[in-house]
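Analysis of the macromolecular model
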Amino acid sequence: MTKKTRTTTIATTKTARPEDEKLGIGASFAYGFQHVLTMYGGIIAVPLIVGQAAGLKPADIGLLIAACLFMGGLATLLQTLGLPFFGSQLPLVQGVSFAGVATMVAIVNGGGGIQSVFGAVIVSSALGLLISPIFSKIIKFFPPVVTGTVITVIGLSLMPVAANWAMGGNKKAENYGDVTNIALAAGTLVIVLLLSKLGNSTISRLSILLAIVIGTLIALALGMANFSKVTTGPIIAFPTPFHLGMPTFHLAAIISMFIVVLVIMVETSADILAVADIVETKVDSRRLGDGLRADMAASVIAPVFGSFTQSAFAQNVGLVAVTGIKSRFVVAAGGVILVILGILPVMGRVVAAVPLPVLGGAGIVLFGTVAASGIRTLSTVSYKNNMNMIIVATAIGAGIIPIAAPTFYDKFPEWFATIFHSGISSAAVVAILLNLLFNHFTLGNPDNPSVFAAGTDRLIPAEIAHCLQHGDHWDNGKLLDANNQEIPITASIPITPTTP
């Protein structure tokens, strides 16, 4: 009896936290694979975009994709299993952050090349690692009005990428913008929508990945896909350090990426708090700091193997909520799968061979989802009797300028152009500064905000307003005049406005 009681006590201790539940190797890898499938489309999109912008060859883009999968797996293992001072030990899948895409493309287009991107990521992430212990104290400067605006602009700034892919990707090609390319992109988009509408919950969650597979098969049948180079190169290979060149360091690029790192830290903080709420476990400032340190440490190491900034994937937080599977060891199993995929460069070459119009059709939904996530965050912001509306309006406008007019900052100093040529950097800088100006440094703010501020939801007809006199007021549900005499409220009758 004593032995049985002791065994029960030990089992209870091992599963004191919901996230520490162990489901067995088979179940863990099965559910872990589902996490990989959920985020696979997102994690391969970033190296595809940056690799294309940098003019890399398909083989090099394949290595870039493999490196991102490999580092995503290592970062996931660090976050879920943890080391002293590193890792929140929560079911969070890590991978290349979308937040830095526009900025990295701007750095590449600015002449820095992908080596400058790697250097900027290393330094900015190291700075993020240094400030992570005190970040919880300054996170108040990044409320939803700031993060929602930035995330919205991230999605919007990626739309030209999706459009370029849909047209064929290569502006110098004879068939660029051909109806056939756009039709293939549109067909892929329709497949995404049909799978989301008609499939079961699992198919719906995998709709983007399945649509890419089906769209590629259609392209093969039409002679629009070429996989002949997939077999060129090793099938299995460990990512080689600095295989795309040694990093270079430019101040403007570093400043621009540091802004992105701050946004990533806000997003990761939000994801840690969200998944903790879903799992129903406790997260204190120390555990939050451990999670941020894991993020930043992985981001510092990532460029060594050819990857970029790492962050938690919000869609996988949603998957935890949908499935109800709270075990961090399930997500760790997903991290192992990502590492295995990362040492298979042949997988990267397969992805790199997918026709760009197919990716363009899927990208419309994928990038639109990012913008929609930002809009959802902005919907939680209060706009009543404050200046949040003008903060959002101005910051989004500043973020759209580089998208609408790519040459807008060409005649500005190089450091300034590098920072503000990225829509996300522009939006982040403006949103942060305006939030400080209007919501923190409140000295001088008017009691009645300007016309740019949203008012209350209440409206009083002009006829009723004319009937009110100076001193009329409500008290305990009664309408009283200036002498506290009750004013009778009658049934609806024709109203004759009184003289003011």
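Our subject is the structure listed above.
Below: a short report on this structure.

The rules behind each value
Residues numbered from 1 in each chain as written. Predicted model: local features only at pLDDT ≥ 70, side-chain atom pairs only at ≥ 80, totals over all residues. Heavy atoms only, no water. Helix = DSSP H or I, 4+ residues; strand = E, 2+ residues; numbered from the N terminus. Buried < 20%, exposed > 50% of the residue type's maximum accessible area, 1.4 Å probe, protein only. Contact = heavy atoms within 4.5 Å. Areas by Shrake-Rupley, 256 points an atom, 1.4 Å probe, with all protein chains shown as cover. Salt bridge = Lys/Arg side-chain N within 4 Å of Asp/Glu carboxyl O. Core = buried A, V, L, I, M, F, W, Y, C linked by side-chain atoms within 4.5 Å. Phe/Tyr/Trp six-rings, centres within 6.5 Å; stacked < 30°, edge-to-face > 60°. Lys NZ or Arg CZ within 6 Å of the ring centre and 35° of its normal. 1 Å grid on protein atoms, 1.4 Å probe; cavity = no way out; pocket = protein on both sides within 12 Å on 5 of 7 lines; lining within 4 Å. Points joined across faces, edges and corners; volume = space filled by probe spheres on them. Expected span 1.5 Å × (residues − 1). Patch = residues over 30% accessible without salt bridge, like charges linked within 9 Å, V, L, I, M, F, W, Y side chains within 5 Å. Polar contact = N/O pair within 3.5 Å; in protein donor to acceptor, adjacent residues only side chain to side chain.

A count of helical and extended segments in the protein gives 20 helices and four strands. Burial analysis of the protein (500 residues in total) assigns 47% to the buried set. Expressed as a percentage of contacts within the protein between residues at least 6 apart in sequence, the contacts between residues at least 24 apart total 81%. Accessible surface, the protein as shown: approximately 24200 Å² in total, 66% of it carbon and sulfur.

Looking now at the pattern of salt bridges. Considering all chains together, one arrives at three salt bridges under this definition. Among the salt bridges present, the one from R328 reaches D20, with a minimum N-O distance of 2.7 Å. With R328 in helix α14 (residues 328–342) and D20 in the loop between α1 (2–14) and α2 (25–53), the pair connects residues that are 308 residues apart, well separated along the chain. Residue D20 is classed as buried on the basis of its relative accessible area of 13%.

Take the side chain of S88 next. Along the chain, S88 falls in the loop between α3 (58–81) and β1 (94–96). Residue classification places S88 among the buried residues on the basis of a relative accessible area of 1%. When neighbours within four sequence positions are excluded, S88 is seen to be in contact with Q79, I272, R287, D290 and G291.

All right, on to the side chain of T281 then. Along the polypeptide, T281 turns up in the loop between α11 (251–279) and α12 (285–305). When its relative accessible area of 17% is taken as the criterion, T281 is described as buried. When residues no more than four places from it in sequence are discounted, the contact partners of T281 are R17, P18, E19, L90, A276 and R287.

The subject of this paragraph is the nonpolar core. Residues F98, F308 and F367 are the most contacted members of the largest nonpolar core, which totals 112 residues. At 15 residues, α11 tops the list of elements feeding residues into this core. If we ignore the near neighbours within four places in the chain, the residues touching F98 are G42, A45, V46, I154, L158, L366, F367 and V370. The next biggest cluster of nonpolar side chains, apart from the first, holds five residues, and it includes M71, A75, A298 and F305.

In this section: unusual backbone geometry. Peptide bonds are mostly trans, and most non-glycine residues show a negative phi. Unusually for a residue other than glycine, F85 sits at a positive phi of about 75°. Position of F85 among the secondary structure elements: in the loop between α3 and β1. Using a relative accessible area of 52% as the deciding quantity, one classes F85 as exposed. Even without glycine at this site, Q89 takes up a positive phi of about 55°. Locating Q89 in the fold gives a position in the loop between α3 and β1.

The subject of this paragraph is the packing of aromatic side chains. Applying the stated rule across the entire model yields six aromatic pairs. Centroid distance F238 to F305: 6.1 Å. Interplanar angle 85°. Geometry classified as edge-to-face. Remark: F305 occurs in helix α12 and F238 occurs in the loop between α10 (207–221) and α11; sequence separation between them is 67 residues. F305 sits in the buried class, given a relative accessible area of 13%. Their ring planes at 80° and their centres at 5.0 Å tell us that F408 and Y409 sit as a pair that is edge-to-face. Judged by relative accessible area, which is 43%, F408 ranks as partly exposed. Classification of Y409 by relative accessible area gives buried; the value is 10%. Aromatic rings pair up to connect F70, F238 and F305 into one cluster. Between K22 and the ring centre of F329, over which it is positioned, the NZ or CZ distance is 5.3 Å.

On to the layout of surface pockets. Its boundaries defined by the atoms lining it, the second largest pocket holds a volume of some 870 Å³. In terms of lining residues, the second largest pocket is bounded by 28 residues, among which A53, V105, N109, P160 and V161 are the most central. Elements that contribute at least two residues to the lining of the second largest pocket include exactly α2, α4 (101–131), α7 (159–167) and α17 (388–404). Looking at the lining of the second largest pocket element by element, the count peaks at five residues for α4.

Glancing now at helix α6 (residues 144–157). With 14 residues, α6 ought to run about 20 Å at 1.5 Å a step, and its terminal C-alpha atoms sit 19 Å apart, in line with that. Counting buried residues along α6, 12 of its 14 residues qualify, which places the element largely inside the surrounding structure. Among all positions in α6, only V145, V146, T147, G148, T149, V150, I151, T152, V153, I154, G155 and S157 are buried. Where the residues of α6 are buried, they touch α4, α7, α11, α16 (356–378), α17 and α19 (423–440).

Here the focus is a nonpolar patch on the surface. Together, L210, V213, I214, L217, I218, L220 and L222 give the surface a local cluster of nonpolar side chains, amounting to about 580 Å² of exposed area. Within the fold, I218 resides in helix α10. We classify I218 as partly exposed; its relative accessible area is 38%.

Within the secondary structure, N388 sits in helix α17. Here the alpha-carbon distance between N388 and N435, two residues 47 residues apart in the chain, equals 7.8 Å. Not counting residues within four places of it along the chain, the set of residues in contact with N388 comprises V145, V381, S382, Y383 and N439. Here S382 takes part through its backbone oxygen, which lies 2.8 Å from a polar atom of the side chain of N388.

Shape is all these values report; function is a separate question.
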